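Structural description and commentary
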Amino acid sequence: MERKQHFETQAVRTQTEKSSHREHTAPIYMTSSFTFEDAEQARALFNDEQEGNIYTRFSNPNNNELVEKLCLLEGTEDGITTASGMAAMFSSMAALLQSGDHILASRSLFGSTHQILTRIFPKWGITHTYADIDKPESWENLIQPNTKLIFVETPSNPGLDLVDLEWLGKLAGAHGLLLIVDNCFATPYLQQPASYGAHIVAHSTTKFIDGQGRTIGGAILGKKELIQEVRFFARHSGPALSPFNGWILSKSLETLAVRMDRHCDNALKLAEYLEGHAELEFVKYPFLSSHPQYELAKKQMKKGGGLITFSVKGGVERGRKFLDSLQMLSITANLGDTRTIATHPASTTHSKLSAEEQQQVGITPGLVRVSVGLENINDILEDIENALRASKGISQVAVDK
Ligand SMILES: *Cc1c(COP(=O)(O)O)cnc(C)c1O
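Residues numbered from 1 in each chain as written. Predicted model: local features only at pLDDT ≥ 70, side-chain atom pairs only at ≥ 80, totals over all residues. Heavy atoms only, no water.

A few points about the overall build of the chain
Counting secondary structure elements, the chain contains 15 helices and 12 strands. For a compact globule of 401 residues, the expected C-alpha radius of gyration is about 21 Å, and the chain comes in at 22 Å, within 12% of that figure. Within the chain, the proportion of its 401 residues that are buried is 55%. Across the chain, contacts joining residues at least 24 apart in sequence account for 71% of those joining residues at least 6 apart. Accessible area of the chain: about 18100 Å², with a carbon and sulfur share of 49%. (Helix = DSSP H or I, 4+ residues; strand = E, 2+ residues; numbered from the N terminus. Rg over C-alpha atoms; globule rule 2.2 N^0.38 Å. Buried < 20%, exposed > 50% of the residue type's maximum accessible area, 1.4 Å probe, protein only. Contact = heavy atoms within 4.5 Å. Areas by Shrake-Rupley, 256 points an atom, 1.4 Å probe, with all protein chains shown as cover.)

Printed below as a string of structure tokens:
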């Protein structure tokens, strides 16, 4: 009887075939091309009559191993890797759309995805409409005759709002639309959009999948016939992942489950500690019962994820002061790292949005986004507590939970 291995086991045990050296860990195939046994094999490979590696822009054993593993973890049929998350977002949409097509997207999207929809695709006649995450009843009316695909992130950045994937999968199905989900924040350990009918799951592997802030990378996973089109697009337009990064990312997946457990446990403890704090306007985390979509979060996510947001009293100035008062937390643009990171979206990642647009995606002037890392939770709590105090001139304390 063939038994399906569990998530953790698949993440650890999926490997390319061993070479004659019987290595335990896959070697890094740093080669731009692969040799052919003879002219006939070259012909067969180039004409898709045989499967195999030809040139690393098309495929490479390290990237193939990463794809195979990600497909098992996401429950998808096929995939490709890309040099960045943005290459994955761009290539998946560009490969599947034509001039004249329309995209329905959730309003709060990663900044560069927003730029692709608003500044790049219109050059080729591809338009979009943004739908509000908190008004799902409005989405159906926003579908136009030329709507071809729906693109969403859930949980969203930095609002941490959720889209009901089961509902969305049905909506896309009922209207014959492609559904692409950017699953970067949740990772396949917490949620698997393909199980709800997403046709493509796109990733920035830069974040939790790498998990240690070392590489930029991406992946596009989904149904075989769609991936075939995406593969053609990528093979000829060239957003290929370096095999070295592919190797790192495949090794990273071996620890994804244990890392995500700790990220989520630390994030929940931090959210619980901060909820009701006198210096904050609010705290938002999908697995806090005060989150407006707590029930949905429990339904479609295994745990609440590694990101929390809170709004400090005192607006932009206090938000920035808070960041400057942190002793341990990193101030950097990445997320999903072993190290806890704090960002002030209103003055950095989302500063190009108007005040009204910021408000629409839940960015208050004092909003701080924390990507909760793997340090001891007491050190994280203490740094945040004391930065809140220092930014208001209150004396420091020791935190021991
Ligand atoms: C970071 C990120 C991206 C872009 O990924 P890169 O690897 O930086 O190109 C896309 N979507 C989300 C949700 C992200 O957080």
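Considerations on the pattern of salt bridges
Scanning the entire structure with this criterion turns up 17 salt bridges. We note a salt bridge from Asp 164 to Lys 299, for which the minimum N-O separation is 3.5 Å. Of this pair, Asp 164 sits in the loop between strand 4 (147-153) and helix 7 (165-174) while Lys 299 sits in helix 12 (residues 294-300); the two residues are 135 residues apart in sequence, bridging distant segments of the chain. According to the relative accessible area criterion, Asp 164 is partly exposed, its value standing at 23%. Among the salt bridges present, the one from Lys 170 reaches Glu 166, with a minimum N-O distance of 3.4 Å. With a gap of 4 residues between them, Lys 170 and Glu 166 both fall in helix 7, about one helical turn apart. The class of Lys 170 is exposed, set by a relative accessible area of 57%. (Salt bridge = Lys/Arg side-chain N within 4 Å of Asp/Glu carboxyl O.)

Notes on the domain arrangement of the chain
Domain boundaries assigned for the chain yield domain 1 (7-253) and domain 2 (257-392). Computed over C-alpha atoms only, the centres of domain 1 and domain 2 are separated by 27 Å. Listed as interface residues are 35 residues of domain 1 and, on the opposing side, 35 residues of domain 2. When domain 1 packs against domain 2, close to 3100 Å² is buried across both sides, 59% of that on carbon and sulfur atoms. Here domain 1 is connected to domain 2 by 3 salt bridges. Between Lys 299 and Glu 166 there is a salt bridge, with its nearest N and O atoms 2.9 Å apart. Our count for the contact surface shared by domain 1 and domain 2 stands at 15 residue pairs in polar contact (both at pLDDT 80 or more). Residue assignment for the side of domain 1 that touches domain 2 shows that the elements contributing at least two residues are helix 1 (7-13), helix 7 and helix 8 (187-190). Ranked by residues supplied to the side of domain 1 that touches domain 2, first place goes to helix 8 with 3 residues. (Domains from an automatic or database assignment. Buried area = accessible area lost by both parts, 1.4 Å probe. Polar contact = N/O pair within 3.5 Å; in protein donor to acceptor, adjacent residues only side chain to side chain.)

Topic: the nonpolar core
Of all hydrophobic cores here, the largest spans 57 residues; its most connected members are Leu 270, Leu 274, Ile 308, Phe 310, Phe 322, Val 370 and Ile 384. The leading source of residues in this core is helix 11 (residues 256-274), at 8 residues. Per-domain counts for this core show at least three residues from each of domain 1 (7-253) and domain 2 (257-392). Each residue touching Leu 274, except ones within four places of it in the same chain, is listed here: Leu 280, Val 283, Ile 308, Phe 310, Ile 384 and Leu 388. The next biggest cluster of nonpolar side chains, apart from the first, holds 27 residues, and it includes Met 89, Leu 97, Ile 180 and Ile 220. (Core = buried A, V, L, I, M, F, W, Y, C linked by side-chain atoms within 4.5 Å.)

Focus on the site of the ligand
Contacts to the ligand come from 13 residues, most closely from Met 86, Asp 182, Ser 204, Thr 206 and Lys 207. Note that an oxygen atom of the ligand is positioned 2.8 Å from one of the side-chain N or O atoms of Ser 204. Between an oxygen atom of the ligand and a side-chain N or O atom of Thr 206, the distance comes to 2.6 Å. For the ligand, whose accessible area on its own is 380 Å², the fraction buried by protein is 92%. (Near = heavy atom within 4 Å.)

Re the sheet that holds strand 4
Ordered by their spatial adjacency, 7 strands build an open sheet running 1-7-6-5-4-2-3, and the pairing between neighbours is mixed. This sheet does not close on itself; its edge strands, each paired only once, are strand 1 (78-82) and strand 3 (127-131). Recorded for the sheet is a direction-independent mean angle of 20 degrees between the axes of neighbouring strands. Judged from the 5 bridges that link them, strand 2 (residues 102-106) and strand 3 form a sheet pairing that is parallel. Bridge pairing links Ile 103 to His 128 in strand 3. (Pairing = 2+ DSSP bridges. Axes fitted to C-alpha atoms, helices over the stretch in contact; angles between N-to-C directions.)

Considerations on helix 7
If you check which residues of helix 7 are buried, you get Leu 165, Leu 168, Gly 169, Leu 171 and Ala 172. On an axial view of helix 7, the arc spanned by its buried residues comes to 160 degrees, and they lie on one face. Exposed residues pointing more than 90 degrees away from the buried face of helix 7 are listed as Lys 170, Gly 173 and Ala 174. In this structure, the buried residues of helix 7 make contact with helix 6 (139-142), strand 4, strand 5 (178-182) and helix 12. The backbone nitrogen of Glu 166 lies 3.1 Å from a side-chain oxygen of the residue at the head of helix 7, namely Asp 164. Positive backbone phi, at 65 degrees, marks Gly 176, one or two positions downstream of helix 7. (Arc of directions from axis to C-beta.)

Some remarks on helix 4 (residues 85-96)
Residues lying three or four places apart along an α-helix face the same way, a consequence of the helix completing one turn every 3.6 residues. End to end, helix 4 covers 17 Å across 12 residues, agreeing with the expected 16 Å (1.5 Å per residue, within 8%). Counting buried positions along helix 4 yields 10 of 12 residues, so the element is predominantly enclosed. Of all the residues in helix 4, the buried ones are Gly 85, Ala 87, Ala 88, Met 89, Ser 91, Ser 92, Met 93, Ala 94, Ala 95 and Leu 96. Here helix 4 starts with a cap whose side-chain oxygen sits 3.4 Å from the backbone nitrogen of Met 86, and that cap is Ser 84. (Expected span 1.5 Å × (residues − 1).)

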